[in-house]
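Tertiary structure, described
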Amino acid sequence: MMDRRSFIRGAGATAAAVLLPRLVRAQKGLVRYQLTARQTAHDFSSTGKNPASLWLYNETVPGPLLTAVKGDMLEVDFVNQLEEPTTIHWHGIRNLNEMDGVPELTQPAIQPGETFRYRFPLRDAGSFWYHAHNMAWQQVARGLYGPLIVRDDAADSPADIVIMADDWRLRDDFQLDEASFGSLHDWSHGGRLGNWLTVNGASQPDIEIPASGGVRLRLMNAANARVMRFQFSDKRAVTVLSVDGAPCDAFEVTSVSLGPAQRVDLFLDSQARLPEALYEISGGAPVLAARFVADDRITGMSKAPAVGSGWYLPPAAEQAKIIDIHMQGGAMGSLSSARFQGEERTLRDLAMQERKLWAFNGTVGGYDQILAELTLGESAMLRIWNDTAWQHAMHLHGQHFWVRSAEFGATERLLLRDTYLMAPGEKAELLFIADNPGLWLFHCHMLEHHAAGMGGVLAVS
Ligand code: C2O
Ligand code: CU
């Protein structure tokens, strides 16, 4: 368990706004950005002493907010100024396979000093994010991530606010705890959990919201492994507008669960009164995440944005091709041996020699593990059994899936999403139309679990 006290910071808050990068609208429908990954000093303590050494995009944490409009072509010229290879994955985008950013699978890793141009059309409006996908368990934990918002129309509203949360594992001197990167204990248990909560890169920032009218809050969880739960200080009910970028039939919640990589858009009506703060309550005792400050220069939304019920209707389950996935491994699990590179080995040996701890259907996962081959346009169902003692945030690249989501209170809701948080022992059915050709990763977004074998590939052609 983390130390909840160290999640809380006493020092004064700093600016919360995600910095706007230079946006070049070169021609109609083409949006261009430049991103450079490099080592950057960042002061978590707000004292100016002992800045931590992070790896960031354009020297900001999170990386710059990228915005575009549905139907635009997004072009990102990326420069790798790190000392190790990297790639960028555009999480939640129903992307072209060659732009999906999975090293070894969809592109060669971008070497130090190299550049790469990502260029792809934006089919959907919604809340997405981008993050490093090479040794992500380390590169994301060092800060290589940022938000990507695709709007329905060009109108940008100051009442449309990104709240990107992360937990960092810091030492007492506010440096990143680097010694524990790759800890087998983390990899075999719940992943790397941090002890320092930030929202938009700052600890307990002030977030300006309109003094009256509605606000759209786009909550995102960029943590390696922590499942967060958010609640407003007055425990008010808010409306969920979309989940993992895809619009849903609106429903009300009084708290929001966010597994790693998940996003939820909320509509908050501040007409009557403003909430004072947002709390993170996963540990029981509420931890202050951010304060809200009313700003009467900002105009609120006069009504909630229109939503829909997902980008496409759920296909008929009876016709779907079934792909059974038995998830096994980790500490306190029943897996004693698994296949790795064609050889059956004990879990102990795999852990000590190969740092592998998790398996799908008895095989340690990797980019060479094809879980299924699907015909373009076919409906498919991933029938998953989490036969482990741990939660897992299961993410499918390239397409969203329909799932009976049990994360929002007593009622199960059929939602279209790209990451589903599974409880220990849970069985779930992820139903989708394989309408995007390519090799698509399916993996746990607890990034240590993925590195340790919890991932495979769906081939769609
Ligand atoms: Cu956001 Cu393969 O992940
Ligand atoms: Cu996992």
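Everything quoted here is computed from the prediction, not taken from an experiment. (Residues numbered from 1 in each chain as written. Chains lettered and ligands numbered in written order. Predicted model: local features only at pLDDT ≥ 70, side-chain atom pairs only at ≥ 80, totals over all residues. Heavy atoms only, no water.)

**Observations concerning the side chain of His449**
Formally: A run of H or I in DSSP becomes a helix once it reaches four residues, and a run of E becomes a strand once it reaches two; helices and strands are each numbered from the N terminus. Residues are treated as being in contact if the distance between any of their heavy atoms lies within 4.5 Å.
Following the sequence through the fold, His449 ends up in helix H4 (residues 447-451). Setting aside residues up to four positions removed in sequence, His449 forms contacts with Trp187, His189, Gly190, Gly191, Trp358, Trp390, Gln391, His392, Cys444 and Met454.

**Re the pattern of salt bridges**
Where we set the bar: Any carboxyl oxygen of Asp or Glu within 4 Å of a side-chain nitrogen of Lys or Arg constitutes a salt bridge here. The classification of residues rests on relative accessible area computed with a 1.4 Å probe and restricted to protein chains. Under 20% of the type maximum is buried, over 50% is exposed, and intermediate values are partly exposed.
Tallied over the full model, the rule gives 27 salt bridges. The salt bridge partner of Arg38 is Glu59, with a shortest N-O separation of 3.1 Å. On the criterion of sequence distance, the pair formed by Arg38 in strand E2 (residues 30-42) and Glu59 in the loop between strand E3 (52-57) and strand E4 (66-69) is long-range, its members being 21 residues apart. Of the charged contacts in the structure, one is a salt bridge between Asp234 and Arg273, with a shortest N-O distance of 2.9 Å. One end of the pair, Asp234, is in the loop between strand E14 (228-232) and strand E15 (238-243); the other, Arg273, is in the loop between strand E18 (263-269) and strand E19 (277-280), and 39 residues separate them in sequence. Residue Arg273 is classed as partly exposed on the basis of its relative accessible area, which comes to 49%. When salt bridges that share partners are traced, they join Arg32, Glu75, Asp77, Arg117 and Arg119 into one network.

**A short note on the coordination of the copper ion (ligand 2)**
Definition in use: Shown as donors are all N, O and S atoms within 2.8 Å of a metal ion, widened to 3.2 Å for Na, K and Ca; because water is not in the atom set, sites may appear incomplete.
Protein coordination of the copper ion (ligand 2) is provided by His392 (ND1), Cys444 (SG) and His449 (ND1), with donor distances spanning 2.0 to 2.1 Å. All donor residues of the copper ion (ligand 2) come from one chain, and their arrangement in sequence is H-x51-C-x4-H. On the criterion of sequence distance, the pair formed by His392 in strand E27 (residues 392-396) and Cys444 in strand E32 (residues 438-444) is long-range, its members being 52 residues apart. Cys444 shares its class with His392; the two are buried.

**Examining empty space enclosed by the protein**
Spelled out, the test is: Only protein atoms enter the 1 Å grid used here, on which a cavity is any set of points holding a 1.4 Å probe that cannot leave and a pocket is any open set flanked by protein within 12 Å on both sides along at least five of seven lines; residues with an atom within 4 Å of a point are listed as lining. Grid points are joined across faces, edges and corners, and a volume is the space filled by probe spheres set on the points.
Going through the model one piece at a time under the given rule, you end up with one cavity of 30 Å³ or more. Estimates place the volume of the largest cavity at around 70 Å³.

**Describing the nonpolar core**
Applied cut-off: Here, nonpolar core means buried Ala, Val, Leu, Ile, Met, Phe, Trp, Tyr and Cys residues that are tied together by side-chain atoms lying within 4.5 Å of each other.
One finds Trp168, Ile325, Leu382, Leu430, Phe432 and Phe442 to be the most contacted residues of the largest nonpolar core, which totals 69 residues. In this view, Ile325 contacts Phe360, Asn361, Leu371, Leu382, Arg383, Ile384, Trp385 and Phe442; residues no more than four positions away in its chain are not counted. Ile207, Ile209, Phe232 and Val243 belong to the second-largest nonpolar core, a separate cluster that totals 32 residues.

Function cannot be inferred from these measures alone, as they are strictly geometric.
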